[in-house]
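Structure at a glance
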Amino acid sequence: MAARKPDETPTSAPEQPPAAAVRTQEYSAGTGWEVGQTAPSDAFRALDAAGTGSPTGPVVHEHPGGYARQIVAKGGQITEGVRRELDDAERENEQG
């Protein structure tokens, strides 16, 4: 019986591991009231005492007592919705 020859296929260079993925540097948007930033403090707005639930008055940074809606908590991200609500409050207070 003849002896088997080892596989004589040419060996290529060893397989290269996949290239390392490098994450891009991510920077914080900082603290402030612009979209994408971190809220520097809580933001509340009082609700109508008549029971309609409509927001009234200016944006305050401490709970105004009674019924109020919290717009954003300190350290929360300012989203487009939060920014829109802050702008609406500012606009209403400028009008009267």
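Located above this text is the structure these notes cover.
Given the structure is predicted, the values throughout are model-derived calculations rather than measurements. (Residues numbered from 1 in each chain as written. Predicted model: local features only at pLDDT ≥ 70, side-chain atom pairs only at ≥ 80, totals over all residues. Heavy atoms only, no water.)

Looking now at helix α1 (residues 80-95). Between its first and last C-alpha atoms α1 spans 22 Å; for 16 residues at 1.5 Å apiece the expected length is 22 Å, and the two agree. Within the span of α1, buried status applies to Val82, Arg83, Glu85, Leu86 and Ala89. Buried residues along α1 cover an arc of 165 degrees about the axis, so they all sit on one side. The exposed residues of α1 that point more than 90 degrees off its buried face are Glu80, Glu94 and Gln95. (Helix = DSSP H or I, 4+ residues; strand = E, 2+ residues; numbered from the N terminus. Expected span 1.5 Å × (residues − 1). Buried < 20%, exposed > 50% of the residue type's maximum accessible area, 1.4 Å probe, protein only. Arc of directions from axis to C-beta.)

Quick look at the pattern of salt bridges now. Enumeration according to the criterion identifies four salt bridges in this entry. Note that Asp88 and Arg91 form a salt bridge whose closest N and O atoms lie 3.0 Å from each other. With Asp88 and Arg91 both in helix α1 and three residues apart, the pair spans about one turn of that helix. Given the relative accessible area of 30%, Asp88 is considered partly exposed. (Salt bridge = Lys/Arg side-chain N within 4 Å of Asp/Glu carboxyl O.)

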